[in-house]
Amino acid sequence: MSNDTKSVIIIGGGLVGSLCACFLAKRGYQIQVYEAREDLRKAKHQRGKSINLALSHRGRFALRSVGLEEKVLENAVPMEGRLLHSISNATKSIAYDKHTNQCIYSVSRNILNEILLTAAEKYPNVKLFFQCKLKDVFLKEGKCVIYDSKTKEILNIEADLIIGADGAFSRVRRCLQQTPLFHLNQSYIEHGYLELSVPSERGHLLVPNLLHIWPRGEFMMIALPNSDGSWTVTLFMSLEKFKEIDSKKKLKIFFEQHFPDAIDIIGKEALEREFLSSSPNYFISLKCNPYHFQDRALIIGDAAHAMVPFYGQGMNCGFEDCTVLDQLLEVHGKCSFDIVLEKFTQRRREDVHAICDLAMYNYIEMRDLVTRPTFHARKIIDDF
Ligand code: FAD
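None of these values were measured; they are calculated from a predicted model.

Engineer: Quick rundown of the environment of Glu153? Include the residues and the values.
Structural biologist: Within the secondary structure, Glu153 is located in strand S11 (residues 153–158). A C-alpha to C-alpha distance of 9.5 Å links Glu153 and Cys132, two positions 21 residues apart in sequence.

Structure follows, in structure tokens:
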């Protein structure tokens, strides 16, 4: 069977699903992408999962492979290093790469997703369906049951391959879980996050082109730049601590004690409004094995390896899944999908598990070790 007669259903038109559609479309497969939410290019902006993300080498490489790196970087802000803010309002910058000036990029999740969806849609062999939620999968038969909330219809569709790019709470993964020898290790951490913002009028109060960090041992705050001059600030802290701060007075005391310079940067009223009107989001970390079922189904992105965000690699790693899948299709794709999927699991398992562990470790690094002299840091790393 040639590629143009093989069909692939991708569940999830988020970052990884839409990029995967571009990769597979280039290879000639017939692609259908089903996304539960409405088309974000038409929807109003939604708050929730982080507004901007750090894009690094793995992600850029994947974007370059489908001709989108330049377009994404045009809309991104380079971050050349970290700027640490101390309690006494002193700052210290640490370049990411003094020698070759490499940097990471802050990119808006929505802009990136829009670019990817628009690029996918340009391929004649890609069809995108929004407000279409996967309800069930019959793995052996390659069948999906989808609820279309626009027409209120149930769709029964089938394809040669089903790819679950449906995020941390993946339904495709849930179906894989029912197959023998599927391992899943899932944990929540006791810390959560809440997003605050610095509007563009106040953006100049932060030094540009740096990732700002307020490391405070038990918790930390970071700020990433947006291309319109505004900043997205994320406070990471224990869920218990978030619960304790339930009034303007407690919030003022907390910020004066731990993040004094941030009060002016964010603005007192905006801080109160944003902090007290939102609830913290949780973090899930999961590792599984394998990522595939026979020649029928594969999970990629957060569906396969949701991780805590402290290493800035969740999306990058999901993009790398697409690169690896593409490389395997290049070598083995002429045969059936079973070799490709089997090799995908073999190639990804160790790397992905290692990145999940590094992400967990980097929470301690970012909130604590970056402030310590090297020998102390070494000791903590050894003890960790
Ligand atoms: P998602 O982005 O979750 O997309 C899944 C899509 O599937 C969604 O659009 C959803 O609507 C859809 N879907 C779900 N269920 C169904 C269904 N049943 N039927 C149809 N569609 C469905 N990563 C980085 O690389 N760098 C960073 O700096 C970074 N920072 C982060 C900061 C925070 C606070 C958080 C929470 C995460 C961060 N990440 C970062 C991780 C990154 O957000 C994820 O790894 C990335 O979004 C994964 O993309 P995905 O497409 O696999 O999943």
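Engineer: Tell me about the nonpolar core, residues and numbers included.
Structural biologist: By size, the foremost hydrophobic cluster in this structure holds 108 residues, and its most contacted members are Leu19, Cys20 and Ile300. Residues lining this core come from more than one domain, with at least three contributed by each of domain 1 (3–77 + 106–186 + 284–369) and domain 2 (187–282). Those residues within four positions of Cys20 in sequence are excluded, and the remaining contacts are Ile10, Ile163, Ala165, Ile300 and Cys322.

Engineer: How would you explain unusual backbone geometry if you had to name every residue and give the values?
Structural biologist: In this chain, Asn289 is followed by Pro290 through a cis amide linkage whose omega measures -5 degrees. Looking at the element boundaries, Pro290 is found in the loop between strand S17 (281–289) and strand S18 (292–293). Despite not being glycine, Leu181 shows a phi value in the positive range, around 65 degrees. In this structure, Leu181 sits in the loop between helix H5 (171–176) and strand S13 (183–198). For Leu181, a count of 6 C-beta atoms within 10 Å puts it in the exposed group. Not every positive phi belongs to a glycine, and Gln294 is a case in point at roughly 45 degrees.

Engineer: Can you break down the site of the ligand residue by residue, with the values?
Structural biologist: Every one of the 33 residues lining the ligand counts as a neighbour, but Gly12, Gly14, Gly167, Gly301 and Gly314 are closest to it. Elements with a contribution of two residues or more to the shell around the ligand: helix H1 (15–26), strand S3 (52–55), strand S9 (132–138), helix H10 (302–305) and helix H11 (314–332). For the shell around the ligand, the element with the most residues is H11, which contributes four residues. Residues of the shell around the ligand, tallied by class, amount to 13 nonpolar, 13 polar and seven charged.

Engineer: Which residues make up the sheet that holds S11, and what values go with them?
Structural biologist: The strand order S9-S10-S11 describes an open sheet built from three strands, whose pairing is antiparallel. At either end of the open sheet lies a strand with only one pairing partner, and these are S9 and S11. Direction aside, the axes of adjacent strands within the sheet are offset by 25 degrees on average. Relative to strand S10 (residues 143–148), S9 is paired through six bridges, and the arrangement is antiparallel.

Engineer: Outline the pairing of strand S2 (residues 30–34), listing residues and values.
Structural biologist: If a strand is regular, its side chains alternate between the two faces of the sheet. Within S2, four of the five residues are buried, leaving the element largely enclosed by the surrounding structure. Bridge analysis of strand S1 (residues 7–11) against S2 gives five bridges, and the strand direction is parallel. For Ile11, the partnering residue across the bridge sits in S2 and is Tyr34. Viewed along the sheet, the connection from S1 through H1 into S2 turns out right-handed. Alignment of S2 against strand S8 (residues 126–129), held across four bridges, turns out to be parallel. Paired with Ile31 across the strands is Val126, a residue of S8.

Engineer: Could you give an account of the packing of helix H2 (residues 57–65) against H11, with specific residues and numbers?
Structural biologist: Running from N to C, H2 and H11 cross one another at 45 degrees; their axes reach a closest spacing of 7 Å. In terms of orientation, H2 and H11 fall into the oblique class. Taken as a pair, H2 and H11 cross one another with a handedness that is left-handed. Contacts between H2 and H11 involve Arg58, Gly59, Phe61, Ala62, Leu63 and Ser65 on the former and, on the latter, Met315, Asn316, Cys317, Phe319, Glu320, Cys322, Thr323 and Asp326. Within the contact of H2 with H11, the residues separate by chemical class into seven nonpolar, four polar and three charged.

Engineer: Can you lay out the pairing of S3 for me, pointing to particular residues and giving the numbers?
Structural biologist: Side chains Asn52 and Ala54 of S3 all project onto a buried face; the interleaved residues Leu53 and Leu55 project onto the opposite face, where all are buried too. Alignment of S3 against strand S7 (residues 104–108), held across four bridges, turns out to be antiparallel. Paired with Ala54 across the bridge in S7 is Ser106.

Rules of the game
- Residues numbered from 1 in each chain as written.
- Predicted model: local features only at pLDDT ≥ 70, side-chain atom pairs only at ≥ 80, totals over all residues.
- Helix = DSSP H or I, 4+ residues; strand = E, 2+ residues; numbered from the N terminus.
- Core = buried A, V, L, I, M, F, W, Y, C linked by C-beta atoms within 7 Å.
- Buried ≥ 20, exposed ≤ 12 C-beta atoms within 10 Å, placed from the backbone.
- Domains from an automatic or database assignment.
- Contact = placed C-beta atoms within 7 Å.
- Near = placed C-beta within 6 Å.
- Nonpolar A, V, L, I, M, F, W, Y, C, P; charged D, E, K, R; others polar.
- Pairing = 2+ DSSP bridges.
- Axes fitted to C-alpha atoms, helices over the stretch in contact; angles between N-to-C directions.
- Right-handed = clockwise from strand over helix to strand, strands pointing away.
- Parallel < 35°, antiparallel > 145°, perpendicular 65-115°, else oblique.
- Left-handed = near helix turned anticlockwise from the far one by under 90°.

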